[in-house]
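Chains, contacts and geometry: an overview
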Amino acid sequence: MPYVMVQIPNTPAPTPSSAPRSVPTSADVARLAGVSRATVSYVLNNTSAVRISEPTRRRVRQAAKELGYVPHAAARSLRAGHSRMVLIPAPPVPAGPLYSQFVHDFQSALGRLDYTAVQYGAGGLHGDDAARAWAELRPVAVLVPGPGLGPRGVALLRRSGTRAVVTLGSEPVEGAHALLLDHAGAGRSAAGHLYARGRRRIGVVVPRESGLRMFSAPRLAGARAALHGTDATVTELPLAYTEKSAAALAARWPDLGLDAVFAFNDEYAMLLMRALQDAGVRVPEDTAVIGADDLMLGRLLRPRLSTVRIALPSGRALAGLVDRAVRNPGAAPESHELFEATVVHRDST
């Protein structure tokens, strides 16, 4: 009977570094730091109700760092009866620098209060349908940018355990805390400024981009209201955010006969002002230009861009509102008017 030689490779035993490592627990941290598991929980969850010495806190944090231990958010939520996650759905339109800075400040303020801010893309969902997707994540609070959410969506979120629903818009929503933004005020301020500077044939840019109508329509209405009963005229100017669209509008400028324009915001104002200058229209001699938002880039233009400065809520104030609502979910919804529009007069008007 034939024999076959088979060579079995000499495979070394797994080294400690290659073997699977168990997930470190709070008990491991407690043993290494020489404290109780409760102390570990108090320190790593930033609990202020229990007094723990600073040396003990440092020892616990160092032990957690050495072991690579991270507290389990879901377990903490079960103990507390709710999560510490504040959901910030993506706005229905591309967010500009002003809103991005506001969200950054809000996230930082929430972090100081031991909340976790999570930005969420709705994936084409809107209004109450989006609220159902948000509710699946079981946030303790939701900041809703823009209109669309209705009372049914608020009720759905509340039934799923969300303690605070805060809306940013021009109208309050039943059951939600409201931060009211008066976009018409920006239009009134801009048009009033142009009229005071002696301008009488005033254009108002209305972006063609989908979703911006909810902001541009009240700004146009505000400009018309400010000039109602005067000798001034208001002309609506549709404009896409492209150089081609701006150049086409600038080419029509002599026929329009306008001596001023409120360009919706600073970004559209900069786009249009460059196109007007390329077409030989002098700013402000032939046409005054004013934007809104008071972006840094507007100050770097020549001529410097006049604008309407818009005061959004501070991140600290909004985080405080969320924290109050989480602590007392049965309290009556708060409503705050936060939109202060102030003209900043510069060279372009």
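My aim in this report is to walk through the structure given alongside it, one point at a time.

1. Notes on unusual backbone geometry
In terms of backbone geometry, most residues other than glycine have negative phi values and most peptide bonds are trans. Of note, the bond from valine 283 into proline 284 is cis; its omega dihedral lies within 30 degrees of zero at 10°. Relative to the assigned elements, proline 284 resides in the loop between α12 (266–278) and β9 (288–290). For the bond running from arginine 302 to proline 303, omega is 0°, close enough to zero to count as cis. Note that proline 303 resides in the loop between α13 (296–300) and β10 (307–311). At phenylalanine 264, a residue that is not glycine, the phi angle is positive and equals roughly 75°. By secondary structure assignment, the location of phenylalanine 264 is in the loop between β8 (260–262) and α12.

2. A few points about the pattern of salt bridges
Here the structure, examined in full by the defined rule, presents 15 salt bridges. Close ionic contact of arginine 200 with aspartate 231 constitutes a salt bridge, the shortest N to O distance being 3.2 Å. Linking arginine 200 in the loop between α8 (183–196) and β6 (201–207) with aspartate 231 in the loop between α9 (213–227) and β7 (233–239), this pair joins segments that are 31 residues apart in sequence. As a salt-bridge pair, arginine 201 and aspartate 259 come within 3.9 Å of each other at their nearest N and O atoms. Of this pair, arginine 201 sits in strand β6 while aspartate 259 sits in the loop between α11 (253–256) and β8, placing them 58 residues apart in sequence. Since its relative accessible area comes to 42%, arginine 201 is described here as partly exposed.

3. Quick word on the nonpolar core
Of all hydrophobic cores here, the largest spans 25 residues; its most connected members are Val205, Leu239, Trp253, Leu272 and Val289. If near-sequence neighbours (up to four positions away) are discounted, valine 289 is found in contact with Val261, Ala269, Met273, Leu276, Val283, Leu305, Ser306, Ser348 and Thr349. Core analysis: the next-biggest nonpolar cluster, separate from the first, contains 23 residues, Ile88, Phe106, Leu179 and Ala325 among them.

4. Looking at the sheet that holds β9
Two modes of strand pairing occur in sheets, parallel and antiparallel, and in both the strands are linked by backbone hydrogen bonds. Strands sit in the order β7-β6-β8-β9 across an open sheet of 4 strands; the sheet is parallel. The open sheet has two edge strands with one neighbour each: β7 and β9. When strand polarity is set aside, the average angle formed by the axes of neighbouring strands in this sheet is 25°. Of the pairings in the sheet, the one linking β6 to β7 comprises 7 bridges and is parallel in character. Within β7, the residue paired with glycine 203 across the bridge is threonine 235.

Basis of the calculations
- Residues numbered from 1 in each chain as written.
- Predicted model: local features only at pLDDT ≥ 70, side-chain atom pairs only at ≥ 80, totals over all residues.
- Heavy atoms only, no water.
- Helix = DSSP H or I, 4+ residues; strand = E, 2+ residues; numbered from the N terminus.
- Salt bridge = Lys/Arg side-chain N within 4 Å of Asp/Glu carboxyl O.
- Buried < 20%, exposed > 50% of the residue type's maximum accessible area, 1.4 Å probe, protein only.
- Core = buried A, V, L, I, M, F, W, Y, C linked by side-chain atoms within 4.5 Å.
- Contact = heavy atoms within 4.5 Å.
- Pairing = 2+ DSSP bridges.
- Axes fitted to C-alpha atoms, helices over the stretch in contact; angles between N-to-C directions.

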